[in-house]
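Each chain, written out:
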Amino acid sequence: ATPSSSSSGRAALLRTPDKKKETKSRNALGKPPKSIYHPGRRRRFLTSSRRIGVGFSSSSGDEDDENVRTSSSSSSSFVKLTCPICTRRVLEERAKDVCCGKTWTIERKNAYEYTDLEISRNANSFREAKLSGTSLFETPIVSNAYERGWRDSFAWAGFPGKEKEFDVAMRFVRENTNQRQQQNQKQQLGEVVLDVSCGSGLFARKFVDSKAFVRVVASDFSENMLIEASQFAREENIDANVITFVRADVGRLPFETGSVDVVHAGAALHCWPSPTQAVAEISRVLKPGGTFVASTFLDPSANLNNDDLTKPFSDFFRDAKLGTGGAFNRFWTEQELKDLCQMVGLEDFKRERERQYILFAVKKNSVRCEDDDEVEECDIVLSMDEKGQ
């Protein structure tokens, strides 16, 4: 996976009413003044030359040892795992790394075991209240049943089946992938695909089989789901040098900013307790130009296939929380999904839908700095009125 490229300090932009061209304010040293320095600019934290890289290996070494590898350079075949609290500190490999007052252990006993980077994993008496759409999938029974009939039952809502859903998702990804990038990477669509809320790993395994990515990362909040995903991968002899399992909260992803080419979420958004926070995190970890592709459930008024006509019914359905509970924390309208993505800088919305099923894809905008490098941070824009204030 490609670690996000390091970037020098960027000045905030000053925009004056009599000058359309944006100029950058810098002090004598060429750095932006502290008063307008971007407080959220990403910084690189290196405690040593050994940084955790969960990466692809072309060698035929032992799968238990080769799945976790180190890199002392900015190799493009590694995805960096970070402290999930600050998301800035890249964690050390095969060590108990302390960051933000907590100890994070990356080393795994075998290649298929998941790495736990969920913040509340070591909580004692504290237990955060969970909605049913989250807690239901943490149970062993539902986790075991998910790929043994549960997922196929979504046909009632119009889901087309796993194969077709995956094919459409891949088509959207290809449409969003620059042709030159595909040629440079021997027709691969990217280096890292992150399958969030991966469940039993159904689509993660399909991404591996597609050979369209160097690395597939499967993450889920549910430990039981990850156990199922790991078991399926082992049974199907999925290459352990290509797939990695990580326990993580979709609302706080333990990955470097701008380090992922594609994020996929199959039938998941209706389960997330805070979709705004989750999709903002997805936008953060995506590379500029990266794709977020997801499927979910529309509200029942979608069966009439006239969103303008049924908007009052959709509003009532949402406000009354009808049909929620069990696996559903909420239902969606197409316009809500568009707005959600646009709020966090994901645009070019495209979709396919059938009754209550929708699969959509959006793309993260590419912002270019003065060096014409793609960057994922947003500069603060300051405007001045006529009085210069």
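On a predicted model such as this, the values are computed, not experimentally measured, just so you know. (Residues numbered from 1 in each chain as written. Predicted model: local features only at pLDDT ≥ 70, side-chain atom pairs only at ≥ 80, totals over all residues. Heavy atoms only, no water.)

Caption draft 1: Looking closely at the pairing of strand 13 (residues 286–297). Burial of strand 13 is extensive: twelve of the twelve residues sit out of reach of the surface. Where strand 12 (residues 260–265) meets strand 13, five bridges bridge the pair, whose relative direction is parallel. Directly across from His264, in strand 13, lies its bridge partner Val293. As a crossover connection, the stretch from strand 12 through helix 8 (residues 275–285) into strand 13 is right-handed. (Buried < 20%, exposed > 50% of the residue type's maximum accessible area, 1.4 Å probe, protein only. Helix = DSSP H or I, 4+ residues; strand = E, 2+ residues; numbered from the N terminus. Pairing = 2+ DSSP bridges. Right-handed = clockwise from strand over helix to strand, strands pointing away.)

Caption draft 2: Fine view of the pairing of strand 9 (residues 190–195). Among the six residues in strand 9, six count as buried, and that is most of the element. Note: strand 9 against strand 10 (residues 213–220), five bridges, orientation parallel. Directly across from Gly190, in strand 10, lies its bridge partner Phe213. Between strand 9 and its parallel partner strand 10, the chain crosses via helix 6 (residues 202–210), and the hand of that crossover is right-handed. Of the pairings in the sheet, the one linking strand 9 to strand 12 comprises three bridges and is parallel in character. Along strand 12, the bridge assignment pairs Asp195 with His264.

Caption draft 3: Just the packing of helix 4 (residues 162–176) against helix 6, in detail. Direction vectors running N to C along helix 4 and helix 6 enclose 60°, while the axes themselves pass 11 Å from each other. The pairing of helix 4 with helix 6 is recorded here as oblique in orientation. Seen along the crossing, helix 4 lies across helix 6 with a hand that is right-handed. Each of Lys162, Glu163, Glu165, Phe166 and Met170 in helix 4 lies in contact with helix 6, whose residues at this interface are Leu202, Phe203, Lys206, Phe207 and Ser210. Looking at the contact of helix 4 with helix 6 residue by residue, the class counts come to five nonpolar, one polar and four charged. (Axes fitted to C-alpha atoms, helices over the stretch in contact; angles between N-to-C directions. Parallel < 35°, antiparallel > 145°, perpendicular 65-115°, else oblique. Left-handed = near helix turned anticlockwise from the far one by under 90°. Contact = heavy atoms within 4.5 Å. Nonpolar A, V, L, I, M, F, W, Y, C, P; charged D, E, K, R; others polar.)

Caption draft 4: Representation of the confidence of the model for the protein chain in the model. Residues with a pLDDT of 70 or more make up 66% of the protein chain, whose mean pLDDT is 75. Confidence drops under a pLDDT of 50 for residues 55–77, and excluding neighbours within four residues, the segment shows 62 contacts in the predicted structure. Predicted confidence is poor over residues 368–377, with pLDDT under 50, and the contacts of this stretch with residues over four places away or in other chains come to 24 contacts. (pLDDT = per-residue confidence, 0-100.)

Caption draft 5: Structural context of unusual backbone geometry. The backbone of Cys100 shows a phi angle near 55°, a positive value even though the residue is not glycine. Among the secondary structure elements, Cys100 is positioned in the loop between strand 6 (96–99) and strand 7 (102–105). Note on Cys100: relative accessible area 43%, which makes it partly exposed.

Caption draft 6: How the structure looks around the sheet that holds strand 10. The sheet built from eight strands is open, its strands ordered 8-11-10-9-12-13-15-14 with mixed pairing. The strands lining the two open edges of the sheet, one partner per strand, are strand 8 (115–116) and strand 14 (346–354). Strands in contact with helix 4 are strand 10, strand 12, strand 13, strand 14 and strand 15 (357–364); relative to strand 15, the strand with the most contacts, it is inclined by about 20°.

Caption draft 7: Inspection of the environment of Leu304 at higher detail. By the element assignment, Leu304 lies in the loop between strand 13 and helix 9 (307–319). Accessibility expressed as a relative area gives 60% for Leu304, which makes it exposed. Along the primary structure Leu304 and Arg355 are separated by 51 residues, whereas in three dimensions their C-alpha atoms are 7.7 Å apart.

Caption draft 8: Structural view of the packing of aromatic side chains. One pass over the structure, following the stated rule, counts ten aromatic pairs. Ring geometry for Phe292 against Phe360: centres 5.8 Å apart, planes inclined by 85°, an arrangement best described as edge-to-face. On the criterion of sequence distance, the pair formed by Phe292 in strand 13 and Phe360 in strand 15 is long-range, its members being 68 residues apart. Phe360 gets classed as buried once you look at its relative accessible area, which sits at 0%. Aromatic ring contacts, followed pair by pair, group Phe154, Trp156, Phe159, Phe297 and Tyr357 into a single cluster. The ring of Trp332 carries Arg330 above its face, with NZ or CZ at 3.9 Å from the centroid. (Phe/Tyr/Trp six-rings, centres within 6.5 Å; stacked < 30°, edge-to-face > 60°. Lys NZ or Arg CZ within 6 Å of the ring centre and 35° of its normal.)

Caption draft 9: Region of the structure containing helix 9. Helix length check: helix 9 (13 residues) gives 17 Å between terminal C-alpha atoms against 18 Å at 1.5 Å per residue, within 8%. Helix geometry: helix 9 is bent most strongly at Phe313, by close to 35°. Within the span of helix 9, buried status applies to Thr310, Ser314 and Phe317. Positive phi shows up at Lys321, right after helix 9, with a value of about 55°. (Expected span 1.5 Å × (residues − 1). Bend = angle between axes of the 7 residues up to and from the residue.)

Caption draft 10: Spotlight on the side chain of Ser259. Tracing the backbone shows Ser259 in the loop between strand 11 (243–247) and strand 12. Polar contacts involving the side chain of Ser259 include one to the main-chain carbonyl oxygen of Glu256, which spans 2.7 Å. (Polar contact = N/O pair within 3.5 Å; in protein donor to acceptor, adjacent residues only side chain to side chain.)

Caption draft 11: How the structure looks around the side chain of Asp116. Locating Asp116 in the fold gives a position in strand 8. Only 3.1 Å separates the side chain of Asp116 from the backbone nitrogen of Glu118, close enough to count as a polar contact. Reaching out from Asp116, the side chain makes a polar contact with the side chain of Arg247 at a distance of 3.3 Å. Apart from the residues within four sequence positions on either side, Asp116 is in contact with Trp104, Arg121, Glu223 and Arg247.

Caption draft 12: Up close: the nonpolar core. Judged by nonpolar contacts, the single largest core of 47 residues is most densely connected at Phe207, Phe213, Val216 and Phe245. When contributions to this core are tallied by element, the ones reaching two or more residues are helix 3 (140–150), helix 4, helix 6, strand 10, helix 7 (223–235), strand 11, strand 13 and strand 15. A total of six residues in this core trace back to one element, the largest contributor, which is helix 4. The residues contacting Val216, other than those within four sequence positions of it, are Val193, Ala204, Phe207, Val208, Val242, Ile243 and Thr244. (Core = buried A, V, L, I, M, F, W, Y, C linked by side-chain atoms within 4.5 Å.)

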